[in-house]
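Here's the letter readout for the chains.
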Amino acid sequence: MSRDMPLLARYAEGLFWMARYLERIENLARLVDVTQNFESPGREAESWLAMIRINADEEGFAERGGGLTAENVKRFYLLDRSNPTSIPSALESARTNARTLRPLISTEMWMQMNVFHRDMLSLTEADVTGDQLSRLCGKIKEGVQAHTGITEGTFFRDQGWEFYQLGRLIERADQTTRLLDIRYHLLVPGGKEERKQAEATQWGGVLRALAGYHAFRRVAGATFTPVDVVAFLLRDTAFPRSVAVCLEGIELHLSRLRSRYGLRGTVAGLERVEELRAGLLGRSVDKIVNDGLHIFLDGVQRDLILLAAEIGTPFFRDWRPAAAA
Amino acid sequence: MRQRIGNIGLDALRARAAAAENDLINLGITFTIYSESQAIDRILPFDCIPRILTAREWDTIERGVKQRVAALNLFLHDIYHKRHITNDGVVPADLVYGNANYRPEMEQFPIRFGTYVHICGTDIVRDEAGEFLVLEDNARTPSGVSYVVENRHLMSRAFPDLLAGMKLRPVDDYGARLLAAMTEVAPEGVDDPQVVLLSPGIYNSAYFEHVFLAREMGVPLVEGADLVVEKDRVYMRTTAGLRPVHTIYRRIGDDFLDPTVFRPDSMLGVPGLIGAWRKGNVTLANAVGTGVADDKAIYAYMPRIIEYYLKETPILKNVQTNICREKSGLDYTLANIEKLVLKPVGESGGYGITIGPRASKAEIDVARDSLLADPSNWISQPVISLSVAPTLTDDGIQPRHLDLRPFAVTGRDTWVLPGGLSRVAMKKGSLVVNSSQGGGSKDTWVLSEDAPSQSQSQSQSQSQSQSQSQGQSQSQEQR
């Protein structure tokens, strides 16, 4: 049996994007959940505004004309199918990709996606209000995790698997930097003891949103500063959502495409990963924060966009840079 | 079977049928209907009561379909080469060479094994005397085979108690047979040919079937833009660059295959494909230009075509067909229009048909005017009292009309998938079974033996299929 199985460029592209959209959905759900939990009396609007800024959706949200209320933001992200950055839109895109990939993905992957998609598109206002919201976010996370698990257990591990993982990891690294950026922005350190206490609670919230709170507790010790959280999310070598762990995975999958499948177009991407890692590990986290965390994270995000292009250009059929934004 | 269905009871039958249909939705075994910019995924309604064909009945159908496919291929080879049949006046020349589906590009072009129609779907009905009659040949890109296989899967998931112990001819080797044929017909001299399935893409209503076939064959499903022609050779775009392609099972019409030769506005095709094909560097299945053979105008001549080439009597008869281009046919049709079904030639999907006994006075007048305006565009047939089969409806188990579309795969030789797609009109009294007009489908069972004279090989292949689905030990016991 010949194992030299070609992979259509269009399939590689579809796998990359399907994984990205799903990862994005999971992160959006995490973000909605943490925003809801952060909602402190009198400052609700501020929290929800952060969510809009994280996704650079100020314009799109304003176009809808509603005021900046929790209800409007939730609707914008959970129900509004005309908003391209909403969960239903991302799921629609993921499913469209899955549909083009049906000849390749397992029947179980397709079926779960199909059912998940149907469930999410039938949501109503009642599902996003009050105590239902957190439950819904849990369901969305679980939907993506079910996909991930089914994929891990059933998807054939040829080239396609590597492109799938690349999409997932690039999106995950990007989302972690976005969450960190917006929270850090809100919580400029240095203040009264009382303020510090509140901050600690909120950083705990960020960690919980990323399912990293208890792990962080184990590695951080009794007292921690915001810089410790930043270090954990950027550089921890064991936390699955840290940028460093994502980069390690990206490098692994790119290298495999090169060594196992002879795809030499990987060289630009591999160099980009090296650069990203040098930027991440080249100086202390204190220095990164002091030099300006926002500028640093912005640079990481831009590099990730370039990395996606460096994978898309040589390997995908219809690479459209605009889609990377 | 009646006993088993009785044991389940009507309520449980309904509940299980509903659950089975829900499975189809979840699995996305659907076709897509477009209305007002919205895409709706519909399932082909599934009727859980199987349609059963005896081994003897199947033997007739199988031989009849093979005979018909052989005649179609000989006819196509002839009209694109020496034109004996029209020179001999058996089929009117203008009907062939003036047909919109006749492709001059095909003239004198050699085709491996003379196989033009690699995949053929033959629509068969049964009259009140129990005789099987051919209603239509589908020699272009016939669809529906995915439902044959999926219906069987559905049946074994949802109604294992109905299937238990039944000795049926298996249907799950369609993909392997198809791939073998596609490999056989690849250009000569290619050792390990790359087969692909060319689909119009995810927005096509039959996309599920394209996925099904690509998966069952284990070959890439490509869209036109995945293929590229360089120096008269066809390649697909892969992550590792261009890879050669040798056989294309195409599920797009002739018109859309190559914008440089046919419709220039086609976005689905591959520029240069026909050039590569004419150079013999790639095989297209089905071949270009088969549409002339399955046209309703030619259909009327099929019995004569079979006799002309094969010197055999047709095993499956046509439905009696009056050819309105012939004076006797026109006169008969005009005199009996209220009793006949009037069909335009060159249409498919049940469109443009007038069923005399069910038409109003005004509708008859319109039909008569159309007929007189262009007699050669019409044929007429008697209303066949289509056979019925028990079908689960809101009013209990009721008789409903149905037809059968067996699928024949031809490389060097012809193989017919045992059974075929049984389409059933879900509405009471309706004769129209097309999925685009609300028809459903049934699992079609071909019994592997109903007389002691059945061949050994059939029962063997059956037990092999059982050992895959039910475990070896059980199948040993059954043997």
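See the structure shown above.
Given the structure is predicted, the values throughout are model-derived calculations rather than measurements. (Residues numbered from 1 in each chain as written. Chains lettered and ligands numbered in written order. Predicted model: local features only at pLDDT ≥ 70, side-chain atom pairs only at ≥ 80, totals over all residues. Heavy atoms only, no water.)

Remarks on the overall build of chain B
What chain B contains, in helices and strands, is 16 helices and 23 strands. Taken over the C-alpha trace, chain B has a radius of gyration of 23 Å; the compact-globule value for 479 residues is 23 Å, and the two agree within 12%. Reported as C-alpha extents along the three principal axes, the dimensions of chain B are approximately 65 × 60 × 55 Å. When each of the 479 residues of chain B is scored for burial, the buried share is 55%. Expressed as a percentage of contacts within chain B between residues at least 6 apart in sequence, the contacts between residues at least 24 apart total 68%. Carbon together with sulfur atoms contributes 49% to the accessible area of chain B, which is approximately 20200 Å² in total. Looking at chain B, you have 50 positive and 58 negative side-chain charges, and the mean spots of the two groups are 2 Å apart. (Helix = DSSP H or I, 4+ residues; strand = E, 2+ residues; numbered from the N terminus. Rg over C-alpha atoms; globule rule 2.2 N^0.38 Å. Buried < 20%, exposed > 50% of the residue type's maximum accessible area, 1.4 Å probe, protein only. Contact = heavy atoms within 4.5 Å. Areas by Shrake-Rupley, 256 points an atom, 1.4 Å probe, with all protein chains shown as cover. Lys, Arg positive; Asp, Glu negative; His and termini not counted. Charge placed at Lys NZ, Arg CZ, Asp CG, Glu CD.)

Examining the side chain of Ser380 of chain B
Residue and element names in this part refer to chain B. Tracing the backbone shows Ser380 in strand β17 (residues 378-382). Separated by 2.8 Å, the side chains of Ser380 and Thr333 make a polar contact. Leave out the neighbours within four places in its chain, and Ser380 touches Gln320, Thr321, Asn322, Cys324, Thr333, Leu340, Val341 and Leu342. (Polar contact = N/O pair within 3.5 Å; in protein donor to acceptor, adjacent residues only side chain to side chain.)

Description of the sheet that holds strand β8 (residues 227-230) of chain B
All names here are of chain B. Across the sheet, which stays open at both edges, the three strands sit in the order β8-β9-β10 with antiparallel pairing between neighbours. Each end of this open sheet is capped by a strand with a single partner; those strands are β8 and β10 (241-244). Within this sheet the neighbouring strands show an average axis-to-axis angle of 45°, counted without direction. In this structure, strand β9 (residues 233-238) lies alongside β10, joined through four bridges in antiparallel fashion. Along β10, the bridge assignment pairs Tyr235 with Pro244. (Pairing = 2+ DSSP bridges. Axes fitted to C-alpha atoms, helices over the stretch in contact; angles between N-to-C directions.)

So, the pattern of salt bridges
Within this structure, the stated rule accounts for 52 salt bridges over all chains. Between Asp254 of chain B and Arg250 of chain B there is a salt bridge, and its shortest N-O distance comes to 2.7 Å. Accessibility assignment for this pair places Asp254 of chain B and Arg250 of chain B in one class, buried. Here the salt bridges do not stand alone but share partners, grouping Glu23, Glu26, Arg30, Arg168, Arg172 and Arg241 of chain A into one network. (Salt bridge = Lys/Arg side-chain N within 4 Å of Asp/Glu carboxyl O.)

Structural notes on the sheet that holds strand β15 (residues 340-344) of chain B
All names here are of chain B. Read across the open sheet, the four strands follow the order β14-β17-β15-β16; overall the sheet is antiparallel. Single-partner strands in this sheet number two, and they are β14 (322-323) and β16 (354-355). Alignment of β15 against β16, held across two bridges, turns out to be antiparallel. What sits directly across from Leu342, in β16, is Thr354.

Purely geometric numbers; function is a separate question.
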